[in-house]
Amino acid sequence: MIRKWLSAIAAAVAVLAMSSGSGGAAEEKAGQNRIEALNVTQQGGEILMKLTFRDPLASPPVGFSIANPARIALDFSGVVNGLGRNSQVLNEGDLLSANLVETPAKTRLVLNLGRNMTYQTRVDGNNLLVSLQAVQTGAGAVTQTRFAEPRAAQVRHAVRDINFRRGKDGEGRVVVDLSDPDVGIDIRQQGAVLLVDIQKATLPDSLKTRFDVTDFATPITNVAAVQKGDNVQLTITPRGLWEHNAYQAENQFVVEVKQIVENPNKLTQGSKLGYQGPKVSISYHNGDVRQLLRVMAEELGLNAVISETVAGNTTLVLKDVPADQVLDIIFQQKGLDMRRNGNVILIAPRDEIATREKLELESKQQIGDLEAVRQESYQLNYAKAPDVVKLLNDHLSKKGKTSFDPRTNILFVSDTPSRQEDVRKLISTVDKPVRQVMIEAKIVEAEDTFQRNLGIRLGVGGALGGKTTSTGRSQLYVGGTAQSAASFSGLSTDIAKIPTDFNINLPAGNIGGAQSGALSFVLYNSGATRFLDLEVSALEADGRGKVISSPRVVTADQVEALIEQGVEIPYQQATSSGATAVSFRKANLSLKVKPQITPDGKITLSVDVNKDTPNTQLTTGTGVAIDTKHVKTEVLVENGGTVVIGGIYQQTLRDTRNQIPFLGDLPIIGFLFRQTTKVDNKTELLVFITPKVISESLNLR
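- Under an unreviewed UniProt entry, the name given to the protein is Type IV pilus biogenesis and competence protein PilQ, and the organism recorded is Oryzomicrobium terrae.
- Regarding the protein, the UniProt comment filed under Subcellular location (unreviewed entry) reads as follows: "Cell outer membrane".

So, the overall build of the protein
Okay, so step 1: Along the protein, the regular secondary structure elements total eight helices and 42 strands.
Okay, so step 2: Residues classed as buried in the protein amount to 35% of the 701 residues present.
Okay, so step 3: Counting only carbon and sulfur atoms, one obtains 51% of the accessible surface of the protein, whose full area is about 41,000 Å².

Thoughts on the sheet that holds strand 3 (residues 62-66)
Okay, so step 1: Strand order in the open sheet made by the seven strands is 6-7-8-4-3-22-24, with antiparallel pairing throughout. Taken across any chain shown, the strands that pair with only one partner, and hence form the sheet edges, are strand 6 (87-92) and strand 24 (313-322). Taken over all neighbouring pairs, the strand axes of this sheet differ in orientation by 15° on average, direction set aside.
Okay, so step 2: Pairing between strand 6 and strand 7 (residues 95-102): four bridges, direction antiparallel. Note that in strand 7 the partner of Val 89 across the bridge is Ser 97.
Okay, so step 3: Against the sheet, helix 3 (residues 289-300) makes contact with strand 3, strand 4 (71-77), strand 8 (106-113), strand 22 (279-288) and strand 24, and its axis sits at roughly 160° relative to strand 22, the strand it touches most.

Observations regarding the sheet that holds strand 26 (residues 344-349)
Okay, so step 1: As summarised here, the arrangement of the three strands in space is 23-26-25, forming an open sheet in which the pairing is mixed. Only two strands of the sheet have a single neighbouring strand rather than two, namely strand 23 (303-306) and strand 25 (336-341). Across the sheet, the axes of successive neighbouring strands diverge by a mean angle of 25°, strand direction being ignored.
Okay, so step 2: One ladder, built from four bridges, connects strand 23 with strand 26; its direction is parallel.

Re the packing of helix 3 against helix 4 (residues 323-334)
Okay, so step 1: At a minimum axis distance of 9 Å, the contact between helix 3 and helix 4 shows a crossing angle of 155°. In this view, helix 3 runs roughly antiparallel relative to helix 4, as classed from their interaxial angle. The two elements helix 3 and helix 4 meet at a crossing, and its hand is left-handed. Seen from helix 3, the contacting residues are Val 289, Leu 292, Leu 293, Met 296 and Leu 300; seen from helix 4, they are Ala 323, Asp 324, Val 326, Leu 327, Ile 330, Phe 331 and Lys 334.
Okay, so step 2: Here the contact of helix 3 with helix 4 is built from residues that sort into ten nonpolar, no polar and two charged.

Some details on the pairing of strand 4
Successive residues of a regular strand alternate their side chains across the two faces of the sheet.
Okay, so step 1: Along strand 4, five of the seven residues are buried, which leaves the element largely enclosed by surrounding structure.
Okay, so step 2: Sheet topology places strand 3 next to strand 4; five bridges connect them, and they run antiparallel. Following the sheet pairing, Ser 65 is matched in strand 4 by Ile 72.
Okay, so step 3: For strand 4 and strand 8, the ladder comprises seven bridges, and the chain directions are antiparallel. Its bridge partner being in strand 8, Ile 72 is matched across the sheet by Leu 111.

Observations concerning the packing of aromatic side chains
Working definition: an aromatic ring pair is given by the centre-to-centre distance plus the angle between the planes.
Okay, so step 1: This structure, assessed with the given rule, holds two aromatic pairs.
Okay, so step 2: Aromatic pair Phe 53 and Phe 76: ring centres 5.4 Å apart, planes at 50°, arrangement tilted. Residue Phe 53 is found in strand 2 (residues 46-53), and its partner Phe 76 is found in strand 4; the two are separated by 23 residues along the sequence.
Okay, so step 3: Classification of Phe 53 as buried rests on a relative accessible area of 1%.
Okay, so step 4: Plain terms: the ring middles of Phe 164 and Phe 216 are 5.0 Å apart, the flat faces sit at 70° to each other, and that makes the pair edge-to-face. Residue Phe 164 is located in strand 12 (residues 157-166), and its partner Phe 216 is located in the loop between strand 17 (210-212) and strand 18 (220-228); the two are separated by 52 residues in the primary sequence.
Okay, so step 5: The exposure class of Phe 216 is partly exposed, given its relative accessible area of 39%.

About the criteria used
Residues numbered from 1 in each chain as written. Predicted model: local features only at pLDDT ≥ 70, side-chain atom pairs only at ≥ 80, totals over all residues. Heavy atoms only, no water. UniProt positions renumbered as here; feature names shortened; annotations may be inferred. Helix = DSSP H or I, 4+ residues; strand = E, 2+ residues; numbered from the N terminus. Buried < 20%, exposed > 50% of the residue type's maximum accessible area, 1.4 Å probe, protein only. Areas by Shrake-Rupley, 256 points an atom, 1.4 Å probe, with all protein chains shown as cover. Pairing = 2+ DSSP bridges. Axes fitted to C-alpha atoms, helices over the stretch in contact; angles between N-to-C directions. Contact = heavy atoms within 4.5 Å. Parallel < 35°, antiparallel > 145°, perpendicular 65-115°, else oblique. Left-handed = near helix turned anticlockwise from the far one by under 90°. Nonpolar A, V, L, I, M, F, W, Y, C, P; charged D, E, K, R; others polar. Phe/Tyr/Trp six-rings, centres within 6.5 Å; stacked < 30°, edge-to-face > 60°.

Here it is, written out as structure tokens:
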């Protein structure tokens, strides 16, 4: 009996202690509904959860589901956690566990799932019944970017080299050379870095390092390569806002990281089209818009400020819809808009945002009109003061004025303090040393000439009278002059006088002042009463030549440069009074060029190349003619690369034949009655341009 009394007293003391210890909490949460019990059971392929509350719920909770990782979240406004614990392991089928997160305004119940599931809620008195059913379409599978699968687990691959390049738009490219195209590669984003896993591959010791690529001015700051077990892992660390793209071509795998320009009117940043937020499923019936906006902002990880003027109810039944698209739908329904400021967004009606922005602009303008003018001086190191003054004219207020000292290149600006800050930023941007470019041009003129002349002279005649000398040797009269004649043994008769006139006179012409060679034959009878005189003449000229001109010039970026060399040729020119005066015309080799260095390191050239040569063979009454070769164009060239900007190819083919009609066309003997000239001349002009950016270190040396 005494033992029973002691047990009763101890129980009473324990109850009193518990009541006194929890009295503050009970008073603090007085008037709020709370979760008192959580029970789970499984019936076939369906999981049933029963939540018991102290008071009945006024409406079903706001809920949404996420596919990856698979989970369901239910928000209970004005409800506290009365279970005495924040998490509970359930392990009922695909329902793994439940977490309760309590805030002053609500309590969120998060159901962690083994795979994606759909849910339905129903209020039954003080109870909330939640029904979970598995999705059979596999929507909860984790998507992973994979570029190739290894053909066999035993095959070992290798990373041969890792290179880094800067793209034309400033993007960073990590180029990995692989041993073969069948290497399995997985890429994923983990926090602020990109991880690339190259499966079943080895990494040379020379590549097991961290590459600092900050100097390339891309979003990527460094790339690290390590061997992790059987795999090679690349860690790419970008900075700022960025997005990535990856592709593989044969043995080369490329990861491209591009800078994102933040758009304050978009929830998710990037150049990819469409919505990019996590997919959610919502069943929301006639619920408060403000509460739904708050839930979506939390799911997107946004710091949201919702205006007090946002009001009303909405009904949404959505399945697997990106969270940013859900917000866009709500904005369209309720006439809302948003503005981003850093990592905080403001959600308000469109008219309210437009009115607020208008007031801000008017306020800034009024403040600018009331601000006192302040004068500051800026020492310009590289830019010229007159050029900066022209640039600042569009950036000053109505009160702003500029002046400069050309001797010291100091710029004076009088304007409001807010505009002075803009001027300071602008000057720091433009007052930088200009990069220099060396341009080398090669003008190559190649010439290949060939000319062949063939001719014939033919004379046929009879004895026209001759005489025999007293010595018994005959004299041959040619052109009326006695010449030494060949000795004709046994001849006692007179030798005929051969006339100078030929029946056919078609000799070969000269080439460049050189006379043709001749080969003569004289045939006659024993009595020298009949003769046949044949003279064949020919001349062939073959020449090859090459002229290389190589002007060079160094100039600053976007500054035109000119270099020329040549002569000035005088010529006669009539004046207005009728007299003649001597004028001069240039015959020069000139190179005029204006380079522009592009952000990706290439060079755009505006080139004007002119090569004039005096033509001494072609003269006029007033002077010497000039052969002109001129090329003017604009090209884009790699730094240090060579490009052919122009070429002129000329070929002259000429076959000339002078002949006696009909006789010259006879076969075999027709050549005795004609003269032929063949010309084949080739000339070619090529202009090569090689620009090189002069580095600062080279300038210092």
